[in-house]
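Fold and contact review
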Amino acid sequence: MNNIKNTFNIRDLENLTGIKAHTIRIWEKRYKILEPMRTDTNIRFYDVASLQKLLNISTLNSFGYKISALAKMPQEKIPVLVKEVLSNKSLNNHVLNNFKLAMMNFDQSLFLNTYNSLLQEKSFREIFYEFFIPLLDEIGYLWQTNTITPAHEHFISFLIKQKLASNIEKLLLQPSYKNDRIFVLYLPENEIHELGLMFLNYELALNGFRCIYLGESVPIDNLKDVKNYFDDITFITYCTVEPGMEEINDYINTLKNELLDETTNLYIFGHNSQYLNKSIVNNKIRIYSSIKDFTDIF
């Protein structure tokens with residue numbers, strides 16, 4: 001059975017394109033930009049072609065093209081015009097629209113073609129900061145508003161994870177040259193949101209640091225085992241969902257008492273780090289609000 005989402009309500013279009021539902025209705029009524037279908041109860045709904053057209057119109061409108069002119073344009077000319085007017089400076093919105101369409105249609109080819117086009121002019125690091133981070137931020141909002149399903153999120157996250165893994169592998173073929181400290185990257189038990197941690201691994205490897213990547217859902221006892229092999233360790237963890245806001249202080253206290261010493265540090269990232277009591281933090285523990293804050297010190 002094909003369960004790909006191929007119809008959208010007007011709120012879905014608003015969330016995906018950034019164009020207010022009220023404006024979409026006006027454009028429909030005044031300029032016949034879209035021709036919505038109707039349910040038996042007269043509620044508007046739209047197909048994938050309508051979503052694609054609205055994303056293209058949004059791009060052209062941002063370049064100063066008037067809706068009245070676009071409405072008179074032959075429909076087949078609109079995507080051609082989009083390609084003609086796009087410049088490097090304004091590439092962001094178009095790329096994000098392509099990635100969102102790839103996600104909505106589970107279209108791996110569109111994702112890969114868009115990504116490979118970017119690689120002709122940008123480094124992977126630039127792509128991650130300029131496109132993947134904004135995309136992931138927007139996905140969080142789309143998921144909260146029920147515009148997309150968890151399946152959409154998993155699909156696009158896996159494709160980004162593949163790109164991270166391949167770029168990390170290339171870096172790991174080069175020997176590290178900053179070996180005075182070992183960075184051990186892991187996620188707490190039951191935490192599976194791995195993309196941020198993987199990108200930290202990429203950044204550290206890019207800058208010549210030695211890393212040990214343990215991945216998802218790692219028990220504290222496993223971290224103790226690592227200490228038997230290395231000195232001067234900095235543990236890095238991401239607390240996005242787990243431990244929850246009610247458990248995170250106990251969790252960090254346990255790490256503080258059982259892991260940290262004069263040669264061992266802990267760096268904490270993720271949404272739930274905001275719930276940490278300041279009294280827990282000492283000179284061995286640092287909290288970072290973003291990856292950029294951390295990488296700026298390199």
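Structural data are supplied above this passage.
Residues numbered from 1 in each chain as written. Predicted model: local features only at pLDDT ≥ 70, side-chain atom pairs only at ≥ 80, totals over all residues. Heavy atoms only, no water.

Re unusual backbone geometry
A cis amide bond, omega -10°, links Glu242 with the succeeding residue Pro243. We note that Ser217 has phi near 50°; this positive angle belongs to a residue other than glycine. Relative to the helices and strands, Ser217 is located in the loop between β5 (209–215) and α11 (220–227). Judged by relative accessible area, Ser217 falls into the partly exposed class, the value being 32%. Although it is not a glycine, Asp232 adopts a positive phi angle of roughly 50°. Mapped onto the elements, Asp232 comes out in the loop between α11 and β6 (233–238). On the accessibility criterion, Asp232 (30% relative accessible area) is partly exposed. (Helix = DSSP H or I, 4+ residues; strand = E, 2+ residues; numbered from the N terminus. Buried < 20%, exposed > 50% of the residue type's maximum accessible area, 1.4 Å probe, protein only.)

Comments concerning the nonpolar core
One finds Phe132, Leu164 and Ile236 to be the most contacted residues of the largest nonpolar core, which totals 69 residues. Top element by residues in this core is helix α8 (residues 124–144). It accounts for nine residues. (Core = buried A, V, L, I, M, F, W, Y, C linked by side-chain atoms within 4.5 Å.)

With respect to the pairing of strand β3 (residues 44–47)
In terms of strand pairing, strand β1 (residues 7–8) meets β3 through two bridges, oriented antiparallel. Paired with Thr7 across the strands is Asp47, a residue of β3. When strand β2 (residues 37–38) meets β3, the two strands line up antiparallel, connected through two bridges. Of the residues in β3, the one forming a bridge with Arg38 is Arg44. (Pairing = 2+ DSSP bridges.)

Here we look at the sheet that holds β6
Spatially, β5-β4-β6-β7-β8 is the arrangement adopted by the five strands of the open sheet, whose pairing is parallel. Here the strands that pair on one side only, and so sit at the sheet edges, are β5 and β8 (285–287). For this sheet the average axis-to-axis angle between neighbouring strands, irrespective of direction, equals 20°. With three bridges connecting them, strand β7 (residues 264–269) and β8 associate as parallel partners. Its bridge partner lying in β8, Ile268 is registered against Ile287. (Axes fitted to C-alpha atoms, helices over the stretch in contact; angles between N-to-C directions.)

With respect to the environment of Ile19
You can see Ile19 is positioned in the loop between α1 (10–17) and α2 (21–31). Once the C-alpha coordinates of Ile19 and Leu55 are considered, the two residues, 36 residues apart in sequence, prove to be 9.1 Å apart. Sequence-distant contacts of Ile19, defined by excluding residues within four places in its chain, comprise Glu14, Ile24, Trp27, Leu54 and Ser58. (Contact = heavy atoms within 4.5 Å.)

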